[in-house]
Amino acid sequence: MLHTFHHGDYPIFLGDLRESFPAWLHDRGCSQIYLLTDENTRCHCLPIFLEKTGLPNEVTITEIPAGENFKNLSTCERIWQQMLDAKLDRKALVLNLGGGVIGDMGGFCAATWKRGVDFVQVPTTLLAMTDAAIGGKLGIDFQGVKNTIGVFKNPAAVFVDPDFLKTLPERELRSGFAEVIKHALIGDPELWQMVQSEAVTQSHRLTTSAWLDLLRASIAVKVRIVQEDPLEKGIRALLNFGHTIGHAVESYFLETNEPLTHGEAVAVGMICESLIAASTPPPTPPPNERGDVEDAATTSVHSTSPLPFGGGVGGGVETLIAVISRIFPHRPVPESSFPEIWNLMQQDKKNISGKVRMAVPGATPFSMRILEPGREEVERSLLFYNSLNG
Ligand SMILES: NC(=O)c1ccc[n+]([C@@H]2O[C@H](COP(=O)([O-])OP(=O)(O)OC[C@H]3O[C@@H](n4cnc5c(N)ncnc54)[C@H](O)[C@@H]3O)[C@@H](O)[C@H]2O)c1
Ligand SMILES: [Zn+2]
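Below: a short report on this structure. Since the structure is predicted, the reported quantities are computational estimates derived from the model, not experimental observations.

What counts, and at which threshold
Residues numbered from 1 in each chain as written. Chains lettered and ligands numbered in written order. Predicted model: local features only at pLDDT ≥ 70, side-chain atom pairs only at ≥ 80, totals over all residues. Heavy atoms only, no water. Core = buried A, V, L, I, M, F, W, Y, C linked by side-chain atoms within 4.5 Å. Buried < 20%, exposed > 50% of the residue type's maximum accessible area, 1.4 Å probe, protein only. Helix = DSSP H or I, 4+ residues; strand = E, 2+ residues; numbered from the N terminus. Phe/Tyr/Trp six-rings, centres within 6.5 Å; stacked < 30°, edge-to-face > 60°. Near = heavy atom within 4 Å. Polar contact = N/O pair within 3.5 Å; in protein donor to acceptor, adjacent residues only side chain to side chain. Areas by Shrake-Rupley, 256 points an atom, 1.4 Å probe, with all protein chains shown as cover. Nonpolar A, V, L, I, M, F, W, Y, C, P; charged D, E, K, R; others polar. Pairing = 2+ DSSP bridges. Axes fitted to C-alpha atoms, helices over the stretch in contact; angles between N-to-C directions.

Here the focus is the nonpolar core. In this structure, F49, I181, V249 and L382 are the most contacted members of the largest nonpolar core, which totals 92 residues. Here this core gets eleven residues from one element, more than from any other, and that element is helix α12 (residues 262-278). By size, the runner-up hydrophobic cluster in this structure holds 21 residues, among which are A92, I102, W113 and L138.

Given below as structure tokens:
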């Protein structure tokens, strides 16, 4: 069954592409189609896409190498060159078939081509379906720094079809779950219950209808946040939950022989940031609760702590740890890396006047707290994460 989100000025279709894409394209029309893939999505997703949409094979198809390493200016040059060769005019349509890398970069190239041609996101990873394809943020890495050059521009439409997840490598699939968990904690207690089910650990075996339920709820959270704050001036910061520490951990491991996926790092970040939130009193706690707040020096989790997701969702930080340890491997963060991780956190875009700022969920869905943890609190939370082993 097709589900449609009407997100600002564009639709997000969730369900079988056959039920949405051909009719949408017929209504809209375009002069030409330019389709961007990477080496994996060309092999695994393009045949399904062409079969389901009935598009002829002669659309211009570009394939770029897979991976974040190629989300840069020289790949954009290649894409623009191919757009030039294909004589792409302003009524053309760019289709981005792939994960977040293809969506971010293909969208950026389209948004800048002849001052902007329309583009469509067809996300093929769980991360892109639930997060990257929605919200209009486009961009590329520059001199190794992530997402440095980019623009905000909405796609003409987004088509989310869970069939593509069947070929996604298990590690990538699990990585995408970090964003689903994040969305659950930000705003949807029912999704949080869903994520706690054992079935999710066996995610490769989820039925299409289970995927559709999970995706519908997860996308709804992202859509609501982006609608409230399209240009990231306020509540959208909540989408960075787990990412302040997570990005620093990700960058650190990137330089080692065993890099983490984005989701694995965000999972560590969500545990650490939840612990910091649980040991930090809210700005104006009711007087009778003030005494209940634990000293930040302890890392045990207090049941009446001002937990993110309010504890009202059920279970608080212990449940988060249990869910994450079922989905992600435990990857201790070496103590020798702590100074570097703190340094990396200080470069975070959200910081103001040299203070590290992190947004964590408040006590009720879609509420937010901003924390300004010191180095010691961050290190204590990492030590606690390390101690969780197994
Ligand atoms: N714009 C945003 O708001 C936003 C939000 C979050 C993340 N991002 C960006 O998204 C990127 C990460 O996205 P990602 O995790 O999707 O990475 P990705 O695009 O690199 O895809 C991961 C891997 O899976 C392969 N793949 C994709 N779909 C497949 C399928 N169906 N079957 C088999 N293989 C498949 C890809 O070729 C790649 O090797 C980062 O660059 C990040 O900055 C953007
Ligand atoms: Zn993320």
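There's plenty left to go through after this.
All right, on to the packing of aromatic side chains then. A complete count under the given rule lists eight aromatic pairs for this structure. Here F13 and F159 contribute two aromatic rings whose centre-to-centre distance is 5.0 Å and whose plane-to-plane angle is 20°, an arrangement assigned as stacked. You can see F13 sitting in strand β2 (residues 10-14) and its partner F159 sitting in strand β9 (residues 157-160), a full 146 residues away along the chain. Given the relative accessible area of 12%, F13 is considered buried.

Taken together, 26 residues sit near ligand 1, with D38, E68, K71, T125 and T167 positioned nearest. Within the backbone of V101, one N or O atom sits 3.1 Å away from an oxygen atom of ligand 1. A total of 860 Å² of accessible area belongs to ligand 1 in isolation, and the protein chains cover 88% of it. For the shell around ligand 1, the secondary-structure elements that each account for two or more residues are α2 (39-44), α5 (100-112), α6 (126-132) and β8 (145-152). Residue composition of the shell around ligand 1, by class: eight nonpolar, nine polar and nine charged.

Glancing now at the sheet that holds β9. Pairing is mixed in the open sheet, where seven strands are placed in the order β1-β2-β9-β6-β5-β3-β4. The sheet is open, and its two borders are formed by β1 (3-7) and β4 (60-64), each paired with just one other strand. Neighbour-to-neighbour, the strand axes of this sheet turn through a mean angle of 15°, independent of strand direction. Alignment of strand β3 (residues 33-38) against β4, held across five bridges, turns out to be parallel.

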